[in-house]
Amino acid sequence: MSQLHPSLTAVLDDTYGVILYQEQVLRIAHEIAGLSLAESDLLRRAMSHFDPGKLMQNLKEKFVRGAGERQQIASDLAEKIWDMMAAFAGYGFPKAHAASYAQVAWNSAWCKAHYPAEFLSAVLANWGGYYSQRVYLMEARRVGFPPRPPHINFSGRECAVLYPGGSAILYLGLDQVRDLTNRTLQRIIQQRPFHSLEEFLLRVDPRPAEAQNLIRCGALVGLGTIPSLLQQLGRGTRKPGQPSLFEVEPAMDEPDWTLVERVAAQQEILGIGVDAHPLDLYAEQLRRIQAISTVEALGTSGKKVTVAGVRQSHRRSKTSSGEWMAFLTLEDFDGMLDVVLFPTVFRFTRKEIFTENRPILVEGVMETNSEREDPFLRAERVHLLGE
């Protein structure tokens, strides 16, 4: 790639004429304009939005003057070089920092490609990463490892992967259960397996609230339906460590909770619904309104579409006229889609769209412009599903 001036070649040749690293800003200022290393570092910090007063203006004047004296660079060209530095310096990494991030990204990509279940388990055990834990649960479903809620017989302290039948099963950790004490968690792991609620209560001796939360979030699946287990728990009168005089006769299994009830309880106790993708709860409504997937929407440039999904991320921005607009990323079963809410739409969009984790419905037109490689959905109306 051609440079603005031959003197930049030695500094920018490795990055094809683009300033990527903060060290390049330092070198350009020092080697081309003759600023001292201390002044070059002040320039780097000032360009990264730490400008104390008129420092930038003073440094610019010295840079333009020094570039002319040392490299015979005309003042207008020196100003172009300065503008190029200013445009990139605020986003630049130190080269060592960039290399470290690249190594982490490469290792993570390799782990996800070769050991996807273990990789996602580790991310979930870390309670998410750049995105919330919910986003990684959705990714686990997408790649074929639908997660399961914590279970007293299978879960570890943190999220873990088991291969009981040769296929990976991903269980959330017991540490995700609200109000579960460390004592109870350790006793569960030490005393299992459990074959009945009575056996679990006798050997672990959890507090009533702990036992109730475990039952409600699905941690005793296989030992009875949630209603029957709660009924058994409610009529227990034993003392800690004391078995019943007569064997407790399990209640007749009542119909189990519906998917909506289970997900609501998991949301309350685990902080996230595990048994279903958020869109699963609105399947009938989505069929009725004929919403299309994010992947289908990407192939319909210029057409009006209706897309449902969960907000993965968002940010607000001001236009040149000072009006607020918003950008958000919508995720569904199949992929992701960028959505733009211009001021005329943003001002009438409820704030819950950006604060709640409920699925949303976006109606608008798919567009493509020269500044964006991927099509985006220009929103005309955004609202919460179910309303």
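What counts, and at which threshold
Residues numbered from 1 in each chain as written. Predicted model: local features only at pLDDT ≥ 70, side-chain atom pairs only at ≥ 80, totals over all residues. Heavy atoms only, no water. Helix = DSSP H or I, 4+ residues; strand = E, 2+ residues; numbered from the N terminus. Rg over C-alpha atoms; globule rule 2.2 N^0.38 Å. Buried < 20%, exposed > 50% of the residue type's maximum accessible area, 1.4 Å probe, protein only. Contact = heavy atoms within 4.5 Å. Areas by Shrake-Rupley, 256 points an atom, 1.4 Å probe, with all protein chains shown as cover. Salt bridge = Lys/Arg side-chain N within 4 Å of Asp/Glu carboxyl O. Pairing = 2+ DSSP bridges. Axes fitted to C-alpha atoms, helices over the stretch in contact; angles between N-to-C directions. Phe/Tyr/Trp six-rings, centres within 6.5 Å; stacked < 30°, edge-to-face > 60°. Lys NZ or Arg CZ within 6 Å of the ring centre and 35° of its normal. Polar contact = N/O pair within 3.5 Å; in protein donor to acceptor, adjacent residues only side chain to side chain. Disulfide = S-S within 2.5 Å. Patch = residues over 30% accessible without salt bridge, like charges linked within 9 Å, V, L, I, M, F, W, Y side chains within 5 Å. Parallel < 35°, antiparallel > 145°, perpendicular 65-115°, else oblique. Nonpolar A, V, L, I, M, F, W, Y, C, P; charged D, E, K, R; others polar.

### Side note on the overall build of the protein chain
Turning to step 1, where the next piece is worked out: A tally of helices and strands in the protein chain yields 17 helices and seven strands.
Turning to step 2, where the next piece is worked out: For the protein chain, the C-alpha radius of gyration of 29 Å lies well beyond 21 Å, the compact-globule estimate for 387 residues.
Turning to step 3, where the next piece is worked out: For the protein chain, the spread of C-alpha atoms along the three principal axes comes to 100 × 50 × 40 Å.
Turning to step 4, where the next piece is worked out: A burial count over the protein chain gives 43% of its 387 residues as buried.
Turning to step 5, where the next piece is worked out: Partitioning the intrachain contacts of the protein chain with sequence separation of at least 6 by distance along the chain shows that 55% fall at a separation of at least 24.
Turning to step 6, where the next piece is worked out: For the protein chain, the accessible surface area stands at approximately 21,400 Å², while carbon and sulfur atoms represent 53% of it.

### Here we look at the side chain of Gln 24
Turning to step 1, where the next piece is worked out: Here Gln 24 shows up in helix 2 (residues 22-32).
Turning to step 2, where the next piece is worked out: Residues in contact with Gln 24, not counting those within four places in the same chain, are Val 11, Leu 12, Thr 15, Val 18 and Ile 19.

### Remarks on the pattern of salt bridges
When charged atoms on two side chains of opposite charge get close, those side chains can pair.
Turning to step 1, where the next piece is worked out: Across all of its chains, the model carries 18 salt bridges by this definition.
Turning to step 2, where the next piece is worked out: Between Lys 304 and Glu 380 there is a salt bridge, with its nearest N and O atoms 3.2 Å apart. You can see Lys 304 sitting in strand 3 (residues 304-318) and its partner Glu 380 sitting in strand 7 (residues 376-384), a full 76 residues away along the chain.
Turning to step 3, where the next piece is worked out: Looking at Lys 304, the relative accessible area reads 58%, which means it is exposed.
Turning to step 4, where the next piece is worked out: Take Glu 380: its relative accessible area is 43%, and that puts it in the partly exposed class.
Turning to step 5, where the next piece is worked out: Between Arg 350 and Glu 352 there is a salt bridge, with its nearest N and O atoms 3.3 Å apart.
Turning to step 6, where the next piece is worked out: Residue class for Arg 350 comes out partly exposed when judged on its relative accessible area of 42%.
Turning to step 7, where the next piece is worked out: Connected via shared salt-bridge partners are Arg 178, Asp 179, Arg 216 and Glu 268.

### Brief notes about the pairing of strand 4 (residues 324-331)
Turning to step 1, where the next piece is worked out: Across the eight residues that make up strand 4, a large majority, seven, are buried.
Turning to step 2, where the next piece is worked out: Where strand 3 folds back on strand 4, the antiparallel hairpin that results is connected by five residues, among which Gly 322 adopts a positive phi of roughly 90°.
Turning to step 3, where the next piece is worked out: As paired strands, strand 4 and strand 5 (residues 336-341) are joined by six bridges and run antiparallel to one another. If you follow Phe 327 over to strand 5, its bridge partner there is Val 340.
Turning to step 4, where the next piece is worked out: Connecting strand 4 to the next strand, strand 5, in antiparallel fashion are four residues.

### Quick word on the sheet that holds strand 4
Turning to step 1, where the next piece is worked out: The five strands lie next to each other as 3-4-5-7-6, forming a closed barrel whose pairing is mixed. Taken pair by pair, the neighbouring strands of this sheet meet at an average axis angle of 50°, ignoring direction.
Turning to step 2, where the next piece is worked out: Lying on the sheet, helix 8 (residues 133-142) is in contact with strand 3 and strand 4; it crosses strand 3 at an angle near 145°.

### Some thoughts on the packing of aromatic side chains
Turning to step 1, where the next piece is worked out: Enumeration according to the criterion identifies five aromatic pairs in this entry.
Turning to step 2, where the next piece is worked out: Ring plane angle 50° and centroid distance 5.8 Å describe the contact between Phe 346 and Phe 354, whose orientation is recorded as tilted. Comparing Phe 346 with Phe 354 shows no difference in burial state: the two are buried.
Turning to step 3, where the next piece is worked out: When the ring centre of Phe 327 is taken as origin, the NZ or CZ atom of Arg 315, which lies over that ring, is 4.3 Å away.
Turning to step 4, where the next piece is worked out: Positioned above the aromatic ring of Trp 324, the side-chain terminus of Arg 316 is 4.2 Å from the ring centre.

### Observations concerning the pairing of strand 3
Turning to step 1, where the next piece is worked out: For strand 3 and strand 6 (residues 360-367), the ladder comprises six bridges, and the chain directions are antiparallel. Residue pairing for strand 6: Gly 309 is matched across the bridge by Ile 360.
Turning to step 2, where the next piece is worked out: Taken together, the eight bridges between strand 3 and strand 4 define a ladder with antiparallel strand orientation. Each residue of the ladder has a partner; that of Ser 317, found in strand 4, is Met 325.

### Some thoughts on the side chain of His 383
Turning to step 1, where the next piece is worked out: Within the secondary structure layout, His 383 lies in strand 7.
Turning to step 2, where the next piece is worked out: Among the polar contacts made by the side chain of His 383, one reaches the side chain of Arg 381 at a distance of 3.0 Å.
Turning to step 3, where the next piece is worked out: Once residues lying within four places of it in the same chain are set aside, the contact partners of His 383 are Ile 353, Ile 360, Leu 361 and Glu 363.

### Re the state of the cysteines
Turning to step 1, where the next piece is worked out: All told, the structure shown has zero disulfides when counted by the stated rule.
Turning to step 2, where the next piece is worked out: The thiol of Cys 159 is unpaired, and the distance to the nearest cysteine sulfur, on Cys 217, comes to 14 Å.
Turning to step 3, where the next piece is worked out: Given the relative accessible area of 1%, Cys 217 is considered buried.

### Regarding a nonpolar patch on the surface
Turning to step 1, where the next piece is worked out: Together, Trp 106, Trp 110 and Tyr 115 make up an exposed nonpolar region whose accessible area comes to about 430 Å².
Turning to step 2, where the next piece is worked out: Tracing the sequence through the fold places Trp 106 in helix 6 (residues 95-114).
Turning to step 3, where the next piece is worked out: Residue Trp 106 is classed as exposed on the basis of its relative accessible area of 64%.

### Overview of helix 8
Turning to step 1, where the next piece is worked out: Burial analysis of helix 8 places nine of its 10 residues in the buried class, which makes it a mostly covered element.
Turning to step 2, where the next piece is worked out: Within two residues after helix 8, Gly 144 carries a phi angle of roughly 100°, on the positive side.

### A short note on the packing of helix 11 (residues 208-217) against helix 12 (residues 226-234)
Turning to step 1, where the next piece is worked out: One way to put it is that helix 11 packs onto helix 12 with a least axis distance of 9 Å and a crossing angle of 170°. By the angle between their directions, the pair helix 11 and helix 12 is classed as roughly antiparallel. Counted together, Pro 208, Ala 211, Gln 212, Ile 215 and Arg 216 of helix 11 and Ile 226, Leu 229, Leu 230 and Leu 233 of helix 12 form the full contact between these two elements.
Turning to step 2, where the next piece is worked out: Here the residues of the contact of helix 11 with helix 12 sort into seven nonpolar, one polar and one charged.

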